[in-house]
Amino acid sequence: MNLPNLVEARKRTNSKVNKVNYKLDDNYLNIGNGKTYYVKTYGCQMNEHDTENIEGLLDSIGFIKNSEMENADIVILNTCSIRENAHNKAFGMLGRLKHLKEERPNLIIGVCGCMAQEEVVVNEILAKYRHVNFVFGTHHLQDLPKLIYENMDNSKTKIDVYSIEGDVVEGLPVKRANSFKAYVNIIYGCDKFCTYCIVPYTRGKQRSRKMEDILSEVNELKNNGCVEVTLLGQNVNAYGKDLNLGYDLADLLENVAKTNVPRVRFITSHPWDFTDHMIDVIRKYPNIMNYIHLPIQSGSNRILKLMGRRYTREDYKILFNKLREIPNVSITTDIIVGFPGETEKDFLDTLDIVNYCKYDGAFTFIYSPRVGTPAAKLYENDKTTLEEKEHRLYRLNELINDYSLESNKRMLNNIYPVLVEGKSNKDEMMFGYTETNKLVNFKGSNNLVGKIVKIKILDAKSFSLDGELVE
Ligand code: SAM
Ligand code: SF4
């Protein structure tokens, strides 16, 4: 077992990746017959999609999905490690599950996801959470039937993690959360090693799927009535780099657009790998959505360097200006405040770039130290108080919200196509998303779910729009 180690992990970059075709072992068929499962998911879209595979695997061996954790025969926590609070939530849930297991000793509990790739976490589970049956890492989803089979006797905790590398596994069963919109992985892992980030360790090396595998998945989705696909990766713009086959995200986007699936999205983009060819392709195809999530993280060149982001604020602005020329584009970002050593001046540089970019929206975070990452060492000498960091976050959010509202107000009285996703929390209201990924609430009926309808915008807030159906 090794802690995340930057030097060791970097050595992996050129090693070969194997493509493995998943096949269910006949021994595991029907082991779940008559039993139910509950999967609790934390974190990003990648985890949400992993859960779709986990549920597909569980269905394939006979289990049935249960909407209540309290009654399920097997509970799986698909965890996230990006920040400390994600850890805390999962450990809190493990505490609750201890009581459940005391009431029902036959309950099987599994932990997977990014936390399962961290040595400190796994040690803590082994020491303090003995009611957990098995832990399996992000590269081991395909082993789930075997792990369940081995745990049917409910004896002791089994671990199936620690591989830093990973294969590309094709053909895993999938139980999609929606029939009309789908996530499609295009690249796994990350080799960027931003100094604050745990992902390159928990998700392993950068591994692209072959273009033909991606296109056949998209075509199948489209033929089954799916209207929106989101191409997924920690850094989708690096797609293809590891394959050396002479194609990249621009080529892939073009081919996916040509399948004529009505909406194509991609997330997340790293500014470093964004080429002019990619921008040309986005402009050329109307079914590639004019929405770009382009994390900047900080507006200070000094902090960007410490973060290992490999661009300056000047580079970012040049790219940003090119992207802004995409007609009606909406651009959002991620920003971290309180990176170790961030001064008020560095923070003002961040506010300054927000004023320059006038983002349509942003996810903002206070820096959270991750064990074993280079920035965690800098954090040991960080003098800025949490109170000051919280104040910076507050000031940043106020500014971001002003610009989101401004951008939403520009949409007032115009009509936009909206993909209807479901019932909103408000009575009798439905919700959906514009092509630019803006949330819209409107009065309508359930039979609109999965359809693209025209909505006139009547009211704008910072985080959502209200509108009315015009057809
Ligand atoms: N790969 C994407 C990128 O580079 O933009 C996103 C990765 S991460 C799942 C999403 C966001 O979490 C990052 O963009 C960053 O803003 C934030 N994040 C990552 N590590 C963090 C940390 N240690 N503390 C606070 N925020 C963090
Ligand atoms: Fe983490 Fe994203 Fe940087 Fe990769 S590119 S290390 S996932 S923040």
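Residues numbered from 1 in each chain as written. Chains lettered and ligands numbered in written order. Predicted model: local features only at pLDDT ≥ 70, side-chain atom pairs only at ≥ 80, totals over all residues. Heavy atoms only, no water.

### A word on the site of ligand 2
So the rule is basically this: Neighbouring residues are identified by heavy atoms, a residue being near a molecule or strand if any of them is within 4 Å of it. Each residue is assigned to one class: nonpolar for Ala, Val, Leu, Ile, Met, Phe, Trp, Tyr, Cys and Pro, charged for Asp, Glu, Lys and Arg, and polar for all the others, Gly among them.
With respect to spatial proximity, the complete set of residues near ligand 2 consists of C190, K192, F193, C194, Y196, C197, V199, P200, Q234, H270 and R309. Broken down by class, the residue content of the shell around ligand 2 amounts to seven nonpolar, two polar and two charged.

### Here we look at the sheet that holds strand β19 (residues 439-443)
Note the following rule: When DSSP locates at least two bridges between a pair of strands, those strands are taken to pair. Note on conventions: DSSP H or I runs of at least 4 residues are helices, E runs of at least 2 residues are strands, and numbering of each starts at the N terminus. Where helices are involved, their axes are fitted lines through C-alpha atoms of the stretch in contact, as for all axes, and angles between N-to-C directions lie from 0 to 180°.
The strand order β17-β18-β19-β21-β20 describes a closed barrel built from five strands, whose pairing is mixed. With strand direction ignored, the average angle separating the axes of adjacent strands in the sheet is 50°. Direction of pairing for strand β20 (residues 452-460) relative to strand β21 (residues 465-469): antiparallel, over a ladder of five bridges. Looking at the pairing, I457 lines up with G467 of β21.

### Side note on the packing of helix α7 (residues 211-223) against helix α8 (residues 249-258)
The following threshold applies: Here the angle decides the label: under 35 degrees means roughly parallel, over 145 means roughly antiparallel, 65 to 115 means roughly perpendicular, and every other value means oblique. Rotating anticlockwise by less than a right angle from the far helix to the near helix defines a left-handed crossing, while the corresponding clockwise rotation defines a right-handed one. Every residue pair with non-hydrogen atoms within 4.5 Å of one another is taken to be in contact.
At a closest axis distance of 10 Å, the pairing of α7 and α8 adopts a crossing angle of 25°. Taken together, the axes of α7 and α8 lie roughly parallel to each other. Note that α7 runs across α8; the crossing there is right-handed. Residues M211, I214, L215 and V218 of α7 pack against D251, L252, N255 and V256 of α8.

### Concerning the site of ligand 1
Spelled out, the test is: In protein, a polar contact means a hydrogen-donor-capable atom and an acceptor-capable atom, both N or O and within 3.5 Å, with residues adjacent in sequence counting only if both atoms are side-chain atoms; elsewhere, any N or O pair within 3.5 Å suffices.
Of all residues adjacent to ligand 1, which total 15 residues, the nearest are Q234, P295, Q297, D334 and S368. Here a nitrogen atom of ligand 1 and a backbone polar atom of Y196 are 3.0 Å apart. Between ligand 1 and Q297 there is a distance of 2.7 Å, counted from an oxygen atom to a side-chain nitrogen or oxygen. Put simply, the parts of the chain that give the shell around ligand 1 at least two residues each are β15 (330-337) and β16 (361-366). Of the residues belonging to the shell around ligand 1, the class tally is seven nonpolar, four polar and four charged.

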